[in-house]
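Spelled out from the first residue to the last, the chains are:
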Amino acid sequence: MKKLVIANWKMAPQTVKEAQAIFAKIKSRAARLRGVETVIAPPFIYLPLLKSAGKIKLAAQDVAKDDGGPWTGEISARMLKGVGVSYAIIGHSERREIGEGDDVIREKLYQSLFRGLKSVLCVGEKEKSQEAFPHIVREQIKKALRGIPRYFASKTIIAYEPVWAISSHSKGKADTPQNFFEMSIFIRRTVLDVWGKSAALRLPIIYGGSVNAKNAKGFLEVKGGSGVLVGKASLDAREFNKILEIADTI
Ligand code: PGA
């Protein structure tokens, strides 16, 4: 199975020129790698300009909760499909932080899956010290998947992103591969409760939170893990290309 490496550019870079330059460097490296699925999630506005050429797939960082209607500022999954996007990140903690709740996340996940986008549901506890954090993650998953038909399982990916490990919160300190391993088992068990065994066993689970070229190997080698979601380090093409190369060898 190919490793999945997703670049989440968040609200950067600030110019089209920079975006095109980073994209071009990643594209030429990704073209040589067979063992990695390289996905870039730039800001919406750059999506039609970057085009999912060659081996790189494009992801949206969010989708609207509806397919049509008067939603000022929103972008539908259908529009995204129309410009060549194949993945969507749903429920990122930075969106939860600005008020996106579990119900909205569920609707967005449904829309994204319904339109055929591979959908990366982000879950994770806020504080490292939160005692019942597996419980928090379980609730996030159960609420997001509630009412979503099992046949969408094959297009669903779960990203475990403990919020405290995201570089903007942690000053670059990631979680440990061991914890990711334990959480991936827990996440799989939770999905089993909702969608049953075969969906749970096949579900790709990836890690996100301060992944860089130094620590990527540990997370990519986790048994049962399928890849990484990279924020800050994905804006540095050299660093990100190193992560792609590591993923290619695992
Ligand atoms: P980070 O971000 O790699 O900068 O920690 C990851 C994310 O928020 O998806």
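Residues numbered from 1 in each chain as written. Predicted model: local features only at pLDDT ≥ 70, side-chain atom pairs only at ≥ 80, totals over all residues. Heavy atoms only, no water.

- By the naming in an unreviewed UniProt entry, the chain is Triosephosphate isomerase, taken from Candidatus Giovannonibacteria bacterium GW2011_GWA2_45_21.
- Its UniProt record gives the chain the following Subcellular location (unreviewed entry) comment, quoted word for word: "Cytoplasm".
- Regarding the chain, the UniProt comment filed under Catalytic activity (unreviewed entry) reads as follows: "D-glyceraldehyde 3-phosphate = dihydroxyacetone phosphate". (UniProt positions renumbered as here; feature names shortened; annotations may be inferred.)

Here we look at the nonpolar core
- Among the nonpolar cores identified, the biggest contains 68 residues, and Val5, Trp9, Ile26, Ile187, Val191 and Ile243 are the most heavily contacted of them.
- Not counting the four nearest positions on each side in its chain, Val5 is found in contact with Val36, Glu37, Thr38, Val39, Val228, Val230, Phe240, Ile243, Leu244 and Ala247.
- One finds Leu4, Val39, Ala41 and Ala59 within the second-largest nonpolar core, a separate group that totals 13 residues. (Core = buried A, V, L, I, M, F, W, Y, C linked by side-chain atoms within 4.5 Å. Buried < 20%, exposed > 50% of the residue type's maximum accessible area, 1.4 Å probe, protein only. Contact = heavy atoms within 4.5 Å.)

With respect to the pattern of salt bridges
- Applying the stated criterion to the full structure yields 16 salt bridges.
- Residue Arg146 pairs with Asp103 through a salt bridge whose shortest N-O separation is 3.8 Å. Residue Arg146 is located in the loop between α6 (133-145) and β6 (156-160), and its partner Asp103 is located in helix α5 (residues 102-114); the two are separated by 43 residues in the primary sequence.
- Using a relative accessible area of 44% as the deciding quantity, one classes Asp103 as partly exposed.
- Ionic pairing is found between Asp193 and Lys142, a salt bridge with its closest N-O pair at 3.6 Å. (Salt bridge = Lys/Arg side-chain N within 4 Å of Asp/Glu carboxyl O. Helix = DSSP H or I, 4+ residues; strand = E, 2+ residues; numbered from the N terminus.)

Things to note about the layout of surface pockets
- Within this model, the largest pocket holds a volume of roughly 410 Å³.
- Lining the largest pocket are 18 residues; nearest its centre among them are Met1, Ser154, Thr156, Arg202 and Pro204.
- In terms of residue class, the lining of the largest pocket is made up of eight nonpolar, four polar and six charged.
- Its boundaries defined by the atoms lining it, the second largest pocket holds a volume of some 320 Å³.
- Along its surface, the second largest pocket is lined by 13 residues, and Lys10, Met11, Gln61, Glu94 and Arg95 are the ones closest to its centre.
- A per-class count over the lining of the second largest pocket returns six nonpolar, three polar and four charged. (1 Å grid on protein atoms, 1.4 Å probe; cavity = no way out; pocket = protein on both sides within 12 Å on 5 of 7 lines; lining within 4 Å. Points joined across faces, edges and corners; volume = space filled by probe spheres on them. Nonpolar A, V, L, I, M, F, W, Y, C, P; charged D, E, K, R; others polar.)

Section: α5
- Look at α5: 18 Å from first C-alpha to last across 13 residues, which is about the 18 Å you get at 1.5 Å a residue.
- Every buried residue of α5 is listed here: Ile105, Arg106, Lys108, Leu109, Gln111, Ser112 and Leu113.
- Those residues of α5 that are buried are in contact with α3 (77-82), β4 (87-90), α4 (93-97), β5 (118-123), α6 and β6.
- Once α5 ends, the next one or two residues include Gly116, with phi positive near 85°. (Expected span 1.5 Å × (residues − 1).)

Quick word on the pairing of strand β1 (residues 3-8)
- Judged by how many residues are buried, β1 sits mostly within the fold: six of six residues are covered.
- Covered by surrounding structure in β1 are Lys3, Val5 and Ala7 together with Leu4, Ile6 and Asn8, the residues of both alternating faces.
- Here β1 runs beside strand β2 (residues 36-41); their pairing, made up of six bridges, is parallel. Each residue of the ladder has a partner; that of Lys3, found in β2, is Val36.
- Handedness of the crossover is the feature at issue here: the chain leaves β1, passes through helix α1 (residues 16-30), returns alongside β2, and the resulting connection is right-handed.
- Of the strand pairs in this sheet, β1 and strand β8 (residues 227-230) are connected by four bridges, and their pairing is parallel. Within β8, the residue paired with Leu4 across the bridge is Gly227. (Pairing = 2+ DSSP bridges. Right-handed = clockwise from strand over helix to strand, strands pointing away.)

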